[in-house]
Amino acid sequence: MSIYVGNLSYEVTEADLTSVFTEYGSVKRVQLPTDRETGRMRGFGFVEMGAESEEAAAIEALDGAEWMGRDLKVNKAKPREDRGNSFGGGGGGGGRRSGGFSRDR
């Protein structure tokens with residue numbers, strides 16, 4: 001199981017997050033995703049702890065708590081959705097467009 005931690009300050013580090021969650025048990029892993037283009041932290045992260053009871057205690061204590069000037073959003077991380085080969089919804093192509101070129105010219 002993994003914990004989602006949202007509304008993080010952009011200045012937070014993995015060490016900062018580890019120190020906060022260590023109060024509730026052993027921290028196995030911390031991830032702070034960054035934006036591909038800017039390299040800047042995205043404002044959320046994931047924490048894995050040693051036992052589910054530790055994770056539950058951390059979620060209970062930290063969800064809604066103020067830290068580094070922000071109200072944290074802490075809950076069980078949802079499994080990542082498989083995006084497959086889809087490029088999202090919208091737009092289809094094909095079809096004729098008015099005002100386009102005509103072959104009869």
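Look a little higher up for the structure.
Residues numbered from 1 in each chain as written. Predicted model: local features only at pLDDT ≥ 70, side-chain atom pairs only at ≥ 80, totals over all residues. Heavy atoms only, no water.

**Q** Provide a residue-level description of the environment of Ala58, including the pertinent values.
**A** Mapping Ala58 onto the fold places it in helix α2 (residues 52–62). Sequence-wise, Ala58 and Phe21 are 37 residues apart; in three dimensions their C-alpha atoms are separated by 6.6 Å. Setting aside residues up to four positions removed in sequence, Ala58 forms contacts with Ile3, Phe21, Tyr24, Met49 and Asp63. (Helix = DSSP H or I, 4+ residues; strand = E, 2+ residues; numbered from the N terminus. Contact = heavy atoms within 4.5 Å.)

**Q** Break down the pattern of salt bridges for me, citing the residues and quoting the values.
**A** Following the criterion strictly, the structure yields 1 salt bridge and no others. With a shortest N-O distance of 4.0 Å, Glu48 and Arg29 are connected by a salt bridge. Of this pair, Glu48 sits in strand β3 (residues 44–49) while Arg29 sits in strand β2 (residues 27–31); the two residues are 19 residues apart in sequence, bridging distant segments of the chain. The partly exposed category is assigned to Glu48, whose relative accessible area is 22%. (Salt bridge = Lys/Arg side-chain N within 4 Å of Asp/Glu carboxyl O. Buried < 20%, exposed > 50% of the residue type's maximum accessible area, 1.4 Å probe, protein only.)

**Q** Would you mind going over the packing of aromatic side chains in detail, with residue names and values included?
**A** Each pair of aromatic rings is reported with the distance of its centres and the angle of its planes. Per the stated rule, a full pass over the model turns up 3 aromatic pairs. Among the aromatic residues, those joined into a ring-pair cluster are Tyr4, Phe44 and Phe46. A cation over a ring is seen here: Arg40 above Tyr10, with NZ or CZ 3.9 Å from the ring centre. (Phe/Tyr/Trp six-rings, centres within 6.5 Å; stacked < 30°, edge-to-face > 60°. Lys NZ or Arg CZ within 6 Å of the ring centre and 35° of its normal.)

None of the figures reported here should be taken as evidence of function without further support.
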